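Results of the structural survey
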Amino acid sequence: MRRVFGGSVCVSAVLAVLFSSSGLYAQEIDSTAAAKINADDAEQSFRYAADAAAAGNIVGAISALERVLQNNPDLDNVKLELGLLYLRAGNVDLAKSYLRQAVNSPNAPGLARERARIALGSANGGLGGFTLSGSLFAGAQVQSNPNGSPGAVSVAGAGGIPIIISGDDLNIPRGTDVSASLGGSLQLRYGLNSQRGNDIMADIALSQTNYNDTTELDATYVNARIGPRFFTGPANAPTGFIRPVVTGTFLALGHARYFGALGGGVEFLFRPSIVTNIAGQISVEKRDFHNSRRRPTAEEQGGTYTSGSLDLTQQLSARMRVTVGGLFEHVDANRSYWSRSTFGGQVGALYAFGAGAKSVLLRANGSYRRSDYDAADPLVDALKKRDEDRFDLELLLSIPMTQRLSMDLRASQAWNTSNLPNYDYKNTLGAVGVSYRF
């Protein structure tokens, strides 16, 4: 998968450089494509803007995106791209106006808001000093099988993201249960007063989930990441960043300390064009599981955890974005029957629809993970090493209520198939919540 991504990106980047340097591609766009643009066709205008920006025709790209926004004022991703293009063109005031709208929008994707903050910092001369942003959420969920199985516990982290903890020693009866969650995320940024926008950033996520019946799974979750970001590319048009980080995680289950981790890694983003993002991370951490009365052998799962991921995001049209990616994990646990290697991938799509000032966002995601364990667990089956295939499907509908407040509806289905019946299960989830961004 990485070879495919890298090849397509390299080819498009080389062509853009060659055409831009000769000026032929930009002239062709101006003389032929521009004459055929229908001002009411948002998708045609968006495609033209992408080609024009790749060819270095910034004025043509701005004109096309302004046409898109004229008939589609709800598209915050277009406002972001307009802000970035105006910044490259030297019109700082217009750039700031569009970038602020993208930063403050509740229905703009998280990555788009972050890119807008970065560009706004550059427009303001680096935004030295501290800035604070984040979100708060509250919600309720109903699940057909919240425990999953004795070997896999799924709890909800910040924003409702599931956290899979392998190897809970509890054998909780399966059955439908309801839960409520509260939480939030904070991003504290210290600008280093550089034109490029380099900064030091701390991300903190925390949540509390309580179940009606399965109180053994009541979860307190805290995660923190801190590290500097170093941006690449021109100061007025960053092409990405590299960020080394230090990470820490704490999880309590049933009001007893269960899991903690310390580690570090590197995150990166590369943006070869206005329609393409490549993001990834590599991390290593030391995980410690804690024994308790309910979990007397939890420490067996402790050890070194290594992971990595690579995602390619493509804006196919003014209203639709698609992401594909891959991941790997390796666990070197205290006991060999908890050590494993995992490989997988995901595909997702986001579509903005509606009329008026704000769009309703529909997200669809599917993922697959294959896990192979290093040794057989003598307490389960002394002759058979465990292997698993996990499939997840998720739909999320985000409905803006005010400029910063939105209602979120979520449905998901998980299938975990294993060669050991102990770890074979399904889980269906439905959730409703509200989120506030600041």
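The numbering scheme is per chain: residues are counted from 1 as the chain's sequence reads. For a predicted model such as this one, the threshold for reporting local features is a pLDDT of at least 70, and the threshold for listing and counting side-chain atom pairs is 80 or more; totals across whole chains, interfaces and linings nevertheless cover every residue. Each side-chain value is derived from all of the structure's non-hydrogen atoms; neither hydrogens nor water enter the calculation.

Here's the deal with the overall build of the protein chain
A tally of regular secondary structure across the protein chain gives seven helices and 16 strands. Put simply, the protein chain has 438 residues, and 49% of those count as buried. Expressed as a percentage of contacts within the protein chain between residues at least 6 apart in sequence, the contacts between residues at least 24 apart total 58%. To measure how exposed things are, a 1.4 Å probe is used in the Shrake-Rupley method; for residues, cover is taken only from the protein chains shown. Total accessible area on the protein chain stands at roughly 19,700 Å², and carbon and sulfur atoms take up 61% of it. Labels follow the DSSP assignment, with helices taken as runs of H or I lasting at least four residues and strands as runs of E lasting at least two, numbered in each case from the N terminus. Under the scheme applied here, a residue whose accessible area is under 20% of the maximum for its type counts as buried, over 50% as exposed, and between as partly exposed, the area being computed with a 1.4 Å probe on protein chains only. When checking whether two residues touch, look at their non-hydrogen atoms; a contact exists if any pair is within 4.5 Å.

Some remarks on helix α5 (residues 76–89)
One less than the number of residues in a helix, times 1.5 Å, gives the span that helix is expected to have. With 14 residues, α5 should reach 20 Å at 1.5 Å per residue; the first-to-last C-alpha distance of 20 Å fits that figure. Counting buried positions over the 14 residues of α5 gives twelve, a clear majority of the element. Within the span of α5, buried status applies to Asp 76, Asn 77, Val 78, Lys 79, Leu 80, Glu 81, Leu 82, Gly 83, Leu 84, Leu 85, Tyr 86 and Leu 87. A positive phi of about 95° marks Gly 90, the residue just after α5.

Brief notes about the packing of aromatic side chains
Put simply, two rings from Phe, Tyr or Trp (the six-membered ring, in Trp's case) pair if the centres are within 6.5 Å, and we call them stacked under 30 degrees between planes, edge-to-face over 60, tilted for the rest. This model, assessed by the stated rule, comprises nine aromatic pairs. Where Tyr 351 meets Phe 353, the ring centres are 6.2 Å apart and the plane angle is 20°; that geometry is what we call stacked. Judged by its relative accessible area of 36%, Tyr 351 falls in the partly exposed class. Among the aromatic side chains, those forming a connected cluster through ring pairs are Tyr 258, Phe 259 and Phe 289.

Side note on the environment of Phe 289
By the element assignment, Phe 289 lies in strand β9 (residues 276–289). Distance in space between the C-alpha atoms of Phe 289 and Glu 300 is 7.6 Å, their sequence separation being eleven residues.

A few points about helix α4 (residues 58–71)
Relative to the 20 Å expected for 14 residues at 1.5 Å per residue, α4 spans 21 Å between its end C-alpha atoms, a close match to the ideal helical length. Along α4, the residues classified as buried are Ile 58, Gly 60, Ala 61, Ile 62, Ala 64, Leu 65, Val 68 and Leu 69.

Comments concerning unusual backbone geometry
Phi at His 255 is positive, roughly 65°, even though this residue is not glycine. Mapped onto the fold, His 255 is located in the loop between β7 (240–253) and β8 (256–273).

Focus on the environment of Ala 180
Mapped onto the elements of the fold, Ala 180 is located in strand β4 (residues 177–191). Residue class for Ala 180 comes out partly exposed when judged on its relative accessible area of 41%. A sequence separation of 251 residues divides Ala 180 from Ala 431, and the C-alpha atoms of the two residues are 9.4 Å apart. When neighbours within four sequence positions are excluded, Ala 180 is seen to be in contact with Gly 139, Ala 140, Gln 141, Gln 208, Thr 209 and Asn 210.

What about the confidence of the model for the protein chain?
Confidence scores labelled pLDDT are given residue by residue by the predictor and lie between 0 and 100. Mean pLDDT for the protein chain: 80, with 78% of residues reaching 70 or above. Below pLDDT 50 for its whole length, residues 1–37 participates in 36 contacts with residues either more than four positions away or in separate chains.

Points about the pairing of strand β11 (residues 320–333)
For two strands to pair, DSSP has to find at least two bridges joining them. Of the strand pairs in this sheet, strand β10 (residues 303–315) and β11 are connected by 13 bridges, and their pairing is antiparallel. Within β11, the residue paired with Leu 312 across the bridge is Val 324. The antiparallel pairing of β10 with β11 creates a hairpin that spans four residues between the two strands. Where β11 lies against strand β12 (residues 340–353), twelve bridges are found, and the strand directions are antiparallel. Residue pairing for β12: Val 322 is matched across the bridge by Ala 349.

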